[in-house]
Amino acid sequence: MSETPDQRNEAANPQWGGRFAAGPSVVMQEINASIGFDRKLWRQDIRGSLAHAAMLAKVGVIGPQDEQTIRAGLAAIGHEIETGRFPFDAALEDIHMNIEVRLTDRIGEAGRRLHTGRSRNDQVATDFRLWVRDAIDGLTAQIADVMRALADRAGTYAADPMPGFTHLQTAQPVTFGHHLLAYVEMLDRDRGRLADCRRRLNQCPLGSAALAGTSFPIDRAMTAKALGFDRPTANSLDAVSDRDFALEFLGAAAISAMHLSRFAEEIVIWLSAPWRFIRLSDAFTTGSSIMPQKRNPDAAELVRAKTGRVTGALVALLTVMKGLPLAYAKDMQEDKEPVFDAAEAWALSLAAIAGMVRDMTPDTARMREFAGSGFATATDLADWLVRVLELPFRDAHHVTGRLVAMAEAKGVDLAGLPLAEMQAEEKRITAEVFTVLTVEASVASRTSLGGTAPANVAREAARWREALA
């Protein structure tokens, strides 16, 4: 028995065989296919299909036996994919059609009923939201792990001085613990951005169909609840064409990657020979093929470099979306690769930073030595002049500046200036001034909220450890 034209068309185009008589060119097939990357959505696609099938059965669009058959078939397909036995086919374009065609092959007519009341447009929008939501949950946990690592080390080194910098020039002494806690604050804001993104994305597009909704009596609230969404999306046009959730995710990723890059840069500086503030073990460094003495901070450098990939992903998707009218356009197929790539780079960077924080050994004696260099206690001298001699701060600033110039000319630090020479600049200065010119006195005096005083740092580190426990 010969094939009918409809059967021949369907064989050429499983998705739209009734309209097209011939198959796509090789080039068209290659540019159109997304299965090479969107197979990552298979878990979310099966979850969405299970929820959709259960809803169709509840409202009577399909029978209970069909729903049971679909459920069993999707479970089998999930096992095939998980065990590497699923026959992915680029000719079927994407993960959605690959699973649907495989389901029909396995269970027959019931598989062909599954797509009732939905389109690939709302299907992919739902799958992608589920994937981003899952990624947010995993990355939020990773960020918390880095915060724990930093807070633990901050508590250990709450009283150990190091130089604080502005313009990468010695400014005032701080403690190493205080420096580490600054990154805990940054990462906490990163967590907050992810939480905001998750809250806004948590609406379910399923049931919006291609762009206009559907005439079938579906229950969108049921599928939304089954998939853990707060509610269904309110506008079918927006639902299928919105990628704000992906852009917001990438925005949060780019800011967080920038924070990680800043810390990675500090590790590179601290590990370099002129500084030698920390040591990293073989676990997070590499050697040189020609220079046997080298210990290179490659993990930190790669974290720094991956920021470009994450930022690039945000720019790429913004560029894809900027000129698209409502509703769906095939351009949106380019949304997933940058998100997948950025999430992977971000997750790897977080793991590397957590590992390096736990691995590094600070040289507290060397940091203490540097903390007193560059006239780092000059502000403490000016503050003493204001507090004890009641000089206006601007006058104290000028006196201190002249004393710094004098010490620099003599090749000593401020504590090395004789009292008589200080009194030549300001006759009321007494020997008491020397009590504020040590690094330890400097950091201990910074007791204001958020300051670097060791008691403050110890208290903040403990608070964070408790909050993150």
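For the structure, see preceding data.
Here the structure is a predicted model, which is why all the values come from computation and not from measurement.

Caption draft 1: Local environment of the pairing of strand β1 (residues 161-166). Across six bridges, β1 lies against strand β2 (residues 169-175) in antiparallel orientation. Bridging from a neighbouring strand, Gly164 pairs with Gln172 of β2. In sequence, β1 turns back onto β2 through a hairpin of two residues, with His167 there showing a positive phi of about 60°.

Caption draft 2: Highlighting the packing of aromatic side chains. Summed over the entire model, instances satisfying the criterion amount to 13 aromatic pairs. Judged by centre distance (5.4 Å) and plane angle (65°), the rings of Phe176 and Trp270 are edge-to-face. Placement of the pair is Phe176 in helix α9 (residues 176-201) and Trp270 in helix α12 (residues 244-271), with a sequence separation of 94 residues. Linked through ring pairs, Tyr157, Phe176, Tyr183, Phe263 and Trp270 together constitute an aromatic cluster. Positioned over the ring face of Phe340 is Lys40, at 5.9 Å from the centre of the ring. A cation sits over an aromatic face here: Arg133 above Phe229, 4.8 Å from the ring centre.

Caption draft 3: Region of interest: the environment of Ala453. Inspection of the secondary structure assignment puts Ala453 in the loop between α19 (439-445) and α20 (454-468). We classify Ala453 as buried; its relative accessible area is 3%. In this structure the C-alpha to C-alpha distance between Ala453 and Val174, which are 279 residues apart in sequence, comes to 7.9 Å. If we ignore the near neighbours within four places in the chain, the residues touching Ala453 are Val443, Ala444, Arg446 and Thr447.

Caption draft 4: A look at the side chain of Ser442. As for its position among the elements, Ser442 is in helix α19. For Ser442, the side chain forms a polar contact with the side chain of Asp380, separated by 2.7 Å. When near neighbours in sequence (up to four residues on either side) are disregarded, Ser442 contacts Pro173, Thr377 and Asp380.

Caption draft 5: Quick look at unusual backbone geometry. In this structure, the amide linkage connecting Leu326 to the following residue, Ala327, adopts the cis form with an omega of 10°. When you line up the elements, Ala327 lands in the loop between α13 (298-321) and α14 (336-359). At Leu168, a position not held by glycine, the phi torsion is positive, near 60°. Tracing the sequence through the fold places Leu168 in the loop between β1 and β2. Located in the positive-phi region is Arg276, a residue other than glycine, with phi close to 55°. Classification of Arg276 by relative accessible area gives partly exposed; the value is 43%.

Caption draft 6: Representation of the nonpolar core in the model. Among the nonpolar cores identified, the biggest contains 95 residues, and Phe249 and Phe263 are the most heavily contacted of them. A per-element tally of this core places α12 first, with 17 residues. Not counting residues within four places of it along the chain, the set of residues in contact with Phe249 comprises Val132, Ala135, Ile136, Leu139, Leu194, Cys197, Val339, Ala343 and Trp346. Ranked by size, the runner-up nonpolar core spans 20 residues in total, among them Leu385, Ala396, Ala407 and Met422.

Caption draft 7: Highlighting the pattern of salt bridges. By the definition in use, this model includes 28 salt bridges. For Arg304, the salt bridge is made with Glu265, and the minimal N-O distance between the two is 2.5 Å. Note that Arg304 is positioned in helix α13 and Glu265 in helix α12, a separation of 39 residues in sequence. Classification of Arg304 by relative accessible area gives partly exposed; the value is 32%. One salt-bridge network, held together by shared partners, links Glu93, Asp94, Arg120 and Lys330.

Caption draft 8: The arrangement of helix α16 (residues 378-389) in detail. The end-to-end C-alpha distance of α16, which contains twelve residues, comes to 16 Å, matching closely the 16 Å that a straight helix rising 1.5 Å per residue would cover. The complete set of buried residues in α16 reads Ala378, Asp380, Leu381, Ala382, Trp384, Leu385 and Leu389. Where the residues of α16 are buried, they touch α17 (393-410) and α19. Two residues or fewer past α16, Glu390 is found with a positive phi of approximately 60°.

Basis of the calculations
- Residues numbered from 1 in each chain as written.
- Predicted model: local features only at pLDDT ≥ 70, side-chain atom pairs only at ≥ 80, totals over all residues.
- Heavy atoms only, no water.
- Pairing = 2+ DSSP bridges.
- Helix = DSSP H or I, 4+ residues; strand = E, 2+ residues; numbered from the N terminus.
- Phe/Tyr/Trp six-rings, centres within 6.5 Å; stacked < 30°, edge-to-face > 60°.
- Lys NZ or Arg CZ within 6 Å of the ring centre and 35° of its normal.
- Buried < 20%, exposed > 50% of the residue type's maximum accessible area, 1.4 Å probe, protein only.
- Contact = heavy atoms within 4.5 Å.
- Polar contact = N/O pair within 3.5 Å; in protein donor to acceptor, adjacent residues only side chain to side chain.
- Core = buried A, V, L, I, M, F, W, Y, C linked by side-chain atoms within 4.5 Å.
- Salt bridge = Lys/Arg side-chain N within 4 Å of Asp/Glu carboxyl O.
- Expected span 1.5 Å × (residues − 1).

That is the geometry; function is a separate question.
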